[in-house]
Amino acid sequence: MGLFIFAPVALVVLILLDRNTRVTPGVRDACLYFGAFVFSLVIALRPGMDPFAVPIISPAASLAHHPFWNTGPVTGGMHMTDISCILQPLWMDIRAQLHAGQWPVWTDGLFAGCPVWANPQAGVLSPWHWLFFWLGDTGLTLMALTRWAVALAGMYLLARRAGAEGIGAAIAGAIYAFCGPMVIWVLYPMGGALALWPWMAYFAAQVAGRGCRRDGLFLTLCATFLVLSGHPESALWGMCIAL
């Protein structure tokens, strides 16, 4: 309940900060970013804390009935079963091999056995998946939260570069971070790729506008992480956005 009390308070603080000219722009923007993230997170998680949520296929209903912190078998719907039935067993086997000091090449825990590197969704080199490989089930929760935070920050910077004010950019970031695909697919490899789309667009615009080598390096790193995310189709679209 503390989150639901904090949410409207955070919104009021955001409005006051945006109107208070005595607050430095850096502090105001940081508060706007944090407040928008917390407020949007509360809104997104609200159905997940409601035992009477209506079981419909929507981002809110997905969180209500298939929350990312529930790592058990998924019941009541088939649109999220890939996490518990395919992806998580695959990542668990890779994690076990890594902790045993072996480089994962083959897995016996999926289908009738398959090569790990033949499935891009294994994401052995993905920084997102290393959270799970390192921390286990806790890493799944951190993976979701980190992807939302990265998506929000990227869209915030992109909106600011496009000329949006602090509160507008924060709202744009929150809308993107908690839109349908970013909620439903947050634990899928696609979610990791979608979180990087705004960063691809931002650094591509920076390179086109300033031609700075540092921006080019960051664009290259984003493109690398995008490819390693484990979803080739979303990686391709992310490259198209940068172009």
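It should be emphasised that the depicted structure is a prediction, and the values quoted were computed from it without experimental measurement. Here the residue numbering is sequential within each chain, running from 1 through the sequence in written order. Local features in a predicted model are, by the rule used here, given only for residues with pLDDT of at least 70; side-chain atom pairs are given and counted only at 80 or more, and totals for whole chains, interfaces and linings are based on all residues. The basis for the side-chain values is all heavy atoms of the structure; hydrogens and waters are excluded.

(A) Quick peek at the packing of aromatic side chains. Between the rings of Phe, Tyr and Trp (Trp by its six-membered ring), a pair exists once the centres lie within 6.5 Å; its type follows the angle of the planes, with under 30 degrees stacked, over 60 edge-to-face, and the other angles tilted. Per the counting criterion, the structure on display carries 9 aromatic pairs. Ring geometry for Trp91 against Phe132: centres 6.2 Å apart, planes inclined by 55°, an arrangement best described as tilted. Of this pair, Trp91 sits in helix 4 (residues 81-99) while Phe132 sits in helix 5 (residues 127-135), and the two are 41 residues apart along the sequence. We note that Trp91, like Phe132, is buried. Residues Trp148 and Phe178 carry aromatic rings whose centres are separated by 5.1 Å and whose planes lie at 50° to one another, so their mutual orientation is tilted. Placement of the pair is Trp148 in helix 6 (residues 137-161) and Phe178 in the loop between helix 7 (166-177) and helix 8 (180-184), with a sequence separation of 30 residues. Here's how the labels work: a residue is buried when its accessible area is under 20% of the maximum for its type, exposed when over 50%, partly exposed in between, all with a 1.4 Å probe on protein chains only. Trp148 sits in the buried class, given a relative accessible area of 0%. Among the aromatic side chains, those forming a connected cluster through ring pairs are Trp91, Trp130, Phe132 and Phe133. By definition, any uninterrupted DSSP run of H or I lasting at least four residues is a helix, any uninterrupted run of E lasting at least two residues is a strand, and each is numbered from the N terminus.

(B) Summary view of the packing of helix 10 (residues 213-228) against helix 11 (residues 232-242). Put simply, helix 10 and helix 11 touch, their axes get as near as 8 Å, and they point 155° apart. One element, helix 10, and the other, helix 11, form an angle in the roughly antiparallel class. Of the residues in helix 11, those in contact with Ala223, Leu226 and Val227 of helix 10 are Ser234, Ala235, Gly238 and Met239. Residue type decides the class: Asp, Glu, Lys and Arg count as charged, Ala, Val, Leu, Ile, Met, Phe, Trp, Tyr, Cys and Pro as nonpolar, and the leftover types, Gly among them, as polar. Tallied by class, residues from the contact of helix 10 with helix 11 come to 5 nonpolar, 2 polar and no charged. Every axis in this analysis is a line fitted to C-alpha atoms, fitted for helices over the stretch in contact. Angles between the N-to-C directions lie between 0 and 180 degrees. Comment on the angle field: the value is read as roughly parallel under 35 degrees, roughly antiparallel over 145, roughly perpendicular from 65 to 115, and oblique elsewhere. We call two residues in contact when some of their heavy atoms are within 4.5 Å.

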